[in-house]
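Here is what each chain is made of, one letter per residue.
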Amino acid sequence: MTAVEGAGAPIRLILIDDDGLVRAGLRLILGGHPEIEVVGEAGNGREGVTLFNQVRPDVALMDIRMPELDGLAATAEILRSHSSANVIVLTTFDTDEFIVKALRVGARGFLLKDTSPQELVRSVTLAAAGKTTLSPTVTAQLVAKITQEHPDDTAHREAMELAGRLTEREYEVAQAIGRGLSNSEISAELYMSVPTVKTHISRIFTKFGVENRVQIAIKVHEANRGS
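Only a predicted model underlies this, so the values are computations on that prediction, with no experimental measurement involved.

**Focus on the overall build of the protein**
Part 1 of the reasoning: Summing up its helical and strand segments, the protein has 11 helices and six strands in all.
Part 2 of the reasoning: In the protein, which comprises 227 residues, the share counted as buried stands at 45%.
Part 3 of the reasoning: Across the protein, the fraction of contacts at a sequence separation of at least 24, relative to all contacts at a separation of at least 6, is 66%.
Part 4 of the reasoning: Total accessible area on the protein is roughly 11000 Å²; 50% of this is exposed by carbon and sulfur atoms.

Here it is in structure tokens:
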């Protein structure tokens, strides 16, 4: 049972980054939140794997470029032993290669280090609940990479059929997600409240049969292919 499923227990978080100042900043931001407890820190990927095995946290925040063992390899090693582990990659590098590799090895999310404190807290909370989280600026870039690598007429037809299930307003929200907009940005662009945006997104999840924004964005890109 995770902390989110428990009776008010805080989310147990570990920080894995070779930069002590980064760890200190994350500890101040996240450790000061009443729903999160930082239960350990590591300065490289190898130490991070050992720490994870020792404390079995609800969530691990993992840097990519580190000595001993890089963050992607460390994430893969953790997930080989703990298939349900929730690892969020947190990095300054938003290249296609890193994003795709992080998600392919099983990372629960990919965040940039300029992510706001509020979004960091939200992402840790979502990851602890087993949900994927990405920086909005990463979403469109990732989807474009994936759809370019896997052109598929069948996927296009299926995505068109799914898109036809959406109301006009829901489709507008789905398209905005496909462009990497955050909920607040969608709210401003489409002149609706953030709670209304969230309601539309929840309905899109159900109609598309998906679990996260990246999957929505992929369906939108597939539906728009060739148009």
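**Comments concerning the pattern of salt bridges**
Part 1 of the reasoning: Across all of its chains, the model carries nine salt bridges by this definition.
Part 2 of the reasoning: Close ionic contact of R122 with E119 constitutes a salt bridge, the shortest N to O distance being 3.0 Å. Placement of both R122 and E119 in helix α5 (residues 117–128) is noted, with a separation of three residues, approximately one turn of the helix.

**Observations concerning the pairing of strand β3 (residues 59–62)**
Part 1 of the reasoning: By the alternation rule, side chains of β3 split into V59 and L61 and A60 and M62, which are all buried.
Part 2 of the reasoning: With four bridges joining them, strand β1 (residues 11–16) and β3 adopt parallel strand pairing. Following the sheet pairing, I14 is matched in β3 by A60.
Part 3 of the reasoning: Summarising the sheet, β3 and strand β4 (residues 87–91) pair through three bridges and their orientation is parallel. By the bridge assignment, A60 is partnered in β4 with V87.

**Some points on the sheet that holds strand β5 (residues 109–112)**
Part 1 of the reasoning: Strand order in the open sheet formed by six strands is β2-β1-β3-β4-β5-β6, with parallel pairing between adjacent strands. The open sheet terminates on both sides in strands that have one partner only, identified here as β2 (36–42) and β6 (133–134).
Part 2 of the reasoning: Helix α3 (residues 71–81) contacts β3 and β4 of the sheet and is inclined by roughly 160° relative to β3.

**Quick notes on helix α11 (residues 213–224)**
Part 1 of the reasoning: Compared with the 16 Å implied by 1.5 Å per residue over 12 residues, the 17 Å span of α11 between its first and last C-alpha is a close match.
Part 2 of the reasoning: Among the residues making up α11, those that are buried are R213, V214, I216, A217, I218, V220, E222 and A223.

**Digging into helix α9 (residues 183–190)**
Part 1 of the reasoning: Every buried residue of α9 is listed here: N183, I186, S187 and L190. Buried residues of α9, viewed axially, fall in a sector of 105°; they line one side.
Part 2 of the reasoning: On its buried face, α9 sits against α8 (168–178), α10 (194–208) and α11.

**What to know about the pairing of β4**
Part 1 of the reasoning: Among the five residues of β4, five are classified as buried, and the element is accordingly described as predominantly covered.
Part 2 of the reasoning: Taking every second residue as pointing to the same face, both faces of β4 are buried, with V87, V89 and T91 on one and I88 and L90 on the other.
Part 3 of the reasoning: Remark: the β3/α3/β4 crossover connection has right-handed handedness.
Part 4 of the reasoning: The pairing of β4 with β5 spans four bridges and is parallel. The partner of I88 across the bridge, within β5, is G109.

Cut-offs used in this document
Residues numbered from 1 in each chain as written. Predicted model: local features only at pLDDT ≥ 70, side-chain atom pairs only at ≥ 80, totals over all residues. Heavy atoms only, no water. Helix = DSSP H or I, 4+ residues; strand = E, 2+ residues; numbered from the N terminus. Buried < 20%, exposed > 50% of the residue type's maximum accessible area, 1.4 Å probe, protein only. Contact = heavy atoms within 4.5 Å. Areas by Shrake-Rupley, 256 points an atom, 1.4 Å probe, with all protein chains shown as cover. Salt bridge = Lys/Arg side-chain N within 4 Å of Asp/Glu carboxyl O. Pairing = 2+ DSSP bridges. Axes fitted to C-alpha atoms, helices over the stretch in contact; angles between N-to-C directions. Expected span 1.5 Å × (residues − 1). Arc of directions from axis to C-beta. Right-handed = clockwise from strand over helix to strand, strands pointing away.

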